[in-house]
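Observations on the three-dimensional arrangement
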Amino acid sequence: MSEKLTNRQVRSIKKMFENKGRRQQLKQQGGKRPDSTSDRSRGPRRNDWDEADEDYFTTEKIRRAERVKPAQPASQADTVAPEPAETGTVIEVRSGDSLVMYRGRTVRALLPKGSRAADGTRSPLAVGDRVELEAVARSDTARIASIAPRRSGLSRDVYEAGRHEASAVAHVLAANIDLVVVVCSPAEPPYRPRLLDRYLVAASRDGLEAVICLNKTDLGVPDAVAASLAGYERLGTRVLRTSAETGDGVDAARECIAGTVSLFTGHSGVGKSSLLNALEPGLSLRIGGVTETKAGQGKGRHTTSSARLLPLSTPDTFVVDSPGIRAFGVRGMPPRELATHFPDIDALAGGCAFGDCRHRAEPDCAVRAAAHLDPFLKARVASYKGMLAELER
Ligand SMILES: Nc1nc2c(ncn2[C@@H]2O[C@H](COP(=O)(O)OP(=O)(O)OP(=O)(O)O)[C@@H](O)[C@H]2O)c(=O)[nH]1
Ligand SMILES: [Mg+2]
Ligand SMILES: [Zn+2]
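Quick summary incoming for the structure in this document. (Residues numbered from 1 in each chain as written. Chains lettered and ligands numbered in written order. Predicted model: local features only at pLDDT ≥ 70, side-chain atom pairs only at ≥ 80, totals over all residues. Heavy atoms only, no water.)

Some details on the pairing of strand β11 (residues 261-266)
Applied cut-off: Throughout, exposure labels follow a simple rule: accessible area from a 1.4 Å probe, protein chains only, divided by the maximum for the residue type, with under 20% read as buried, over 50% as exposed, and the rest as partly exposed. Runs of E in the DSSP output that reach at least two residues are strands. Runs of H or I that reach at least four are helices, and both are numbered from the N terminus. The pairing criterion is simple: DSSP has to find at least two bridges between the two strands.
Within β11, six of the six residues are buried, leaving the element largely enclosed by the surrounding structure. Residues V261, L263 and T265 of β11 are buried on one face, and the alternating residues S262, F264 and G266, pointing to the opposite face, are buried as well. Where strand β8 (residues 179-184) lies against β11, five bridges are found, and the strand directions are parallel. Residue pairing across strands places V182 opposite T265, the latter belonging to β11. As paired elements, β11 and strand β13 (residues 318-321) share four bridges and run parallel to each other. Note on β13: the bridge partner recorded for S262 is V319.

As structure tokens, this is what we get:
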């Protein structure tokens, strides 16, 4: 069962997707912003799909009125069924339905029949999606009529057990985000650089900035893990080091995500929810118990079961807490494109004898030669080859 959102969270989500988007539109039109707050260029964009004639000041008035009289949770309302063509923001996707923030209220929303993803299991919706709602009845339930085009999204490929790999389906972890925070740990569960590489490739492919966050630093950071993270820093990837347990590095993490909509993702049990609880006291996200996480086996069991969009008290800051993942399929690009998402490999490729070298068994390969001398590059090339094989299947 999901935790209830506070009224402050409700207003905050509404503000992000309505007022902030309006400010962006005014800015694009060359109009003056009605307030002095800074507008992030990476902030959610408003598109044609929104009501074009909505007045910013009207929205502000509604918002101020709500501040005085907080919105009632959906369960207490007589009706929250919207008029046709009302838009909302998906804050949680569940197996049968979704929760949509609509006019400061949480509405249970259903997808139209027959709109399941190709594999019949995953919803085509993602947390952060803007959706058009239709009324179904005098209840707290609405039907989703359409999903607005996304300004961004991070997706992975999921291979269904027992099915041919060609039937992999794309799973959008979160939509309309600015930043991907890939959380990992030095132990319990073990550090997995191959998974990090998959995240970095997918973020690059999807045009998103990614930062790595090594959590659980209180457990000690082995030299090999420190060296690997230093390698990512040399590539230009920001690396945060935190302990949700002791609070070390939490302030720097809070600063890093300030003013963004960020997705916290990574292997199960690395401490995503714990870190978010440390970042924002009062969030009270459920975390895995010591016995539940099978820490000794380094496995971790999924504690967070669905992705949730949550506002933080830092202005204009939102996070998506998401369930841990064990596998991250990277497809959806021609094999030749893959190396372009490995800046270190790409930079060396000019020295290869063959212009179309794939850095596998070709003679006089500058990438493989350099990898013999550099353990970090060696690990990166191993990741690259694994992904290349996947793309060529
Ligand atoms: N020692 C230590 N343990 C931590 C830290 N952060 C989280 N943990 C523990 O790690 C376990 C998993 O934490 P969660 O926050 O549930 O991990 P998660 O990444 O959200 O897991 P999923 O929701 O399953 O993906 C819990 O037992 C936490 O108490 C940390 O910084 N140090
Ligand atoms: Mg969690
Ligand atoms: Zn080569």
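There is more to say, and it comes next.
Section: the environment of L229
Selection criterion: Two residues qualify as a contact provided that any one of their heavy atoms is within 4.5 Å of a heavy atom in the partner residue.
Relative to the helices and strands, L229 is located in helix α4 (residues 223-234). Through-space distance from the C-alpha of L229 to that of F376 is 9.2 Å; in sequence the pair is 147 residues apart. Contacts of L229, omitting those with residues within four sequence positions, involve Y191, I212, L214, V239 and R241.

Structural notes on the coordination of the zinc ion (ligand 3)
Applied cut-off: A 2.8 Å cut-off from the metal defines N, O and S donors, relaxed to 3.2 Å for Na, K and Ca; water is not in the atom list, so some sites may appear incomplete. Geometry assignment treats four donors as tetrahedral when all angles are between 85 and 135 degrees, treats four as square planar and six as octahedral when opposite donors are over 155 degrees apart and all others between 65 and 115, and treats everything else as irregular.
Every protein donor of the zinc ion (ligand 3) is listed here as C352 (SG), C357 (SG), H359 (ND1) and C365 (SG), and their distances to the metal cover 2.1 to 2.4 Å. In this structure, the zinc ion (ligand 3) is surrounded by four donor atoms whose angles at the metal cover 103 to 114°, and the resulting shape is tetrahedral. Between the donor residues of the zinc ion (ligand 3), the gaps in sequence give the motif C-x4-C-x1-H-x5-C. Assigned by exposure class, C352 and C357 land together as buried.

Remember, this is a structural readout, not a statement about activity or role.
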